[in-house]
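Structural features, examined
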Amino acid sequence: MISAGLTGGIGSGKSTVAAMFASLGAVTIDSDEIGRNLMQPGNVVYDRIVSGFGPEIVDPSGRLDRAKLADIVFHDLEKLKHLNAIVHAPVLREIDRRMQLHRQKNPHTIVLVESAVLFETKQNRRFDKMIVVWCRPEQQIERYASQSHLSPEDIQRRMAAQMTGEEKKQLADFVIDTSRSLEDTERQVREVFEQLRSLALTQPSHQF
């Protein structure tokens, strides 16, 4: 099995690229989706977040108000660190569990873990290869604004909490440049997938 981390800044197109890899046969694991599940009422992560940030982040239905929580942590990096300290370990345990299952099912599979902060949290060391999805910063702002309706200032604040795209590119094994057409992105994904598939047949993967 070959494991790859798939990362990039907000608005860079990670989810689109992940879907392209999945269509070619790769297994994709979305760390954000795992985090959202762990933040549901009844989970210990939910309890710890409410305890750490107060009942005002709970909406009338009893669920976390994720928009309010995001607004808090992206205005205060210490609070962002506190949230990450609560969430990261349980997310990693679930990622490990899923990867073990896929390894057992198919020793030659390609597993991609999608997360925005793999380098920031030093998790890139856990993977055989790192794929960085990149586009120009102004494109990140434009794309994310269309998805989230946040102001450019709020988006820039969130971008500032992460490594820059240029920094991530320097650490990547593969770079997918999404600044051009969708067809061009698909071409790059196919090329990277073929390289990963060749490696999956010949190279032993990390043991998690």
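Before reading further, recall that the structure is shown in the block above.
Report follows, based on the coordinates. Note that the structure is predicted; figures quoted are calculated from it, not measured.

**Side note on the overall build of the chain**
Scanning the chain from N- to C-terminus turns up nine helices and five strands. Seen in sequence order, the chain has helices and strands lined up from the N terminus as β-α-β-α-α-α-α-β-β-α-α-α-β-α. For 208 residues, the compact-globule estimate of 2.2 N^0.38 gives 17 Å, and the C-alpha radius of gyration of the chain, at 18 Å, lies within 12% of that figure. Across its three principal axes, the chain shows a C-alpha extent of roughly 50 × 40 × 25 Å. Looking at the 208 residues of the chain, the share that counts as buried comes to 42%. In the chain, 73% of the contacts between residues at least 6 apart in sequence involve partners at least 24 apart. With the model as given, the accessible surface of the chain reaches about 10,800 Å², and the carbon-plus-sulfur share is 51%. On the chain, the mean spot of the 27 positive side-chain charges and the mean spot of the 28 negative ones are 5 Å from each other.

**Let's talk about the packing of helix H1 (residues 14-24) against helix H9 (residues 182-202)**
Viewed as axis vectors pointing N to C, H1 and H9 meet at an angle of 55 degrees, and their least axial separation amounts to 10 Å. Considered as vectors, H1 and H9 are oriented oblique to each other. H9 is crossed by H1, and the crossing has right-handed handedness. Residues Thr16, Val17, Met20, Phe21 and Leu24 of H1 pack against Leu182, Thr185, Glu186, Val189, Arg190, Val192, Phe193 and Leu196 of H9. Residue classes in the contact of H1 with H9 are distributed as nine nonpolar, two polar and two charged.

**A word on the pattern of salt bridges**
As a working rule, side chains carrying opposite charge can pair if their charged atoms are close by. Enumeration according to the criterion identifies 14 salt bridges in this entry. Between Arg98 and Glu33 there is a salt bridge, and its shortest N-O distance comes to 3.3 Å. Of this pair, Arg98 sits in helix H5 (residues 77-105) while Glu33 sits in helix H2 (residues 31-38), placing them 65 residues apart in sequence. One network of salt bridges, in which partners are shared, links Asp177, Arg180, Asp184, Arg187 and Glu191.

Quick notes on the rules
Residues numbered from 1 in each chain as written. Predicted model: local features only at pLDDT ≥ 70, side-chain atom pairs only at ≥ 80, totals over all residues. Heavy atoms only, no water. Helix = DSSP H or I, 4+ residues; strand = E, 2+ residues; numbered from the N terminus. Rg over C-alpha atoms; globule rule 2.2 N^0.38 Å. Buried < 20%, exposed > 50% of the residue type's maximum accessible area, 1.4 Å probe, protein only. Contact = heavy atoms within 4.5 Å. Areas by Shrake-Rupley, 256 points an atom, 1.4 Å probe, with all protein chains shown as cover. Lys, Arg positive; Asp, Glu negative; His and termini not counted. Charge placed at Lys NZ, Arg CZ, Asp CG, Glu CD. Axes fitted to C-alpha atoms, helices over the stretch in contact; angles between N-to-C directions. Parallel < 35°, antiparallel > 145°, perpendicular 65-115°, else oblique. Left-handed = near helix turned anticlockwise from the far one by under 90°. Nonpolar A, V, L, I, M, F, W, Y, C, P; charged D, E, K, R; others polar. Salt bridge = Lys/Arg side-chain N within 4 Å of Asp/Glu carboxyl O.

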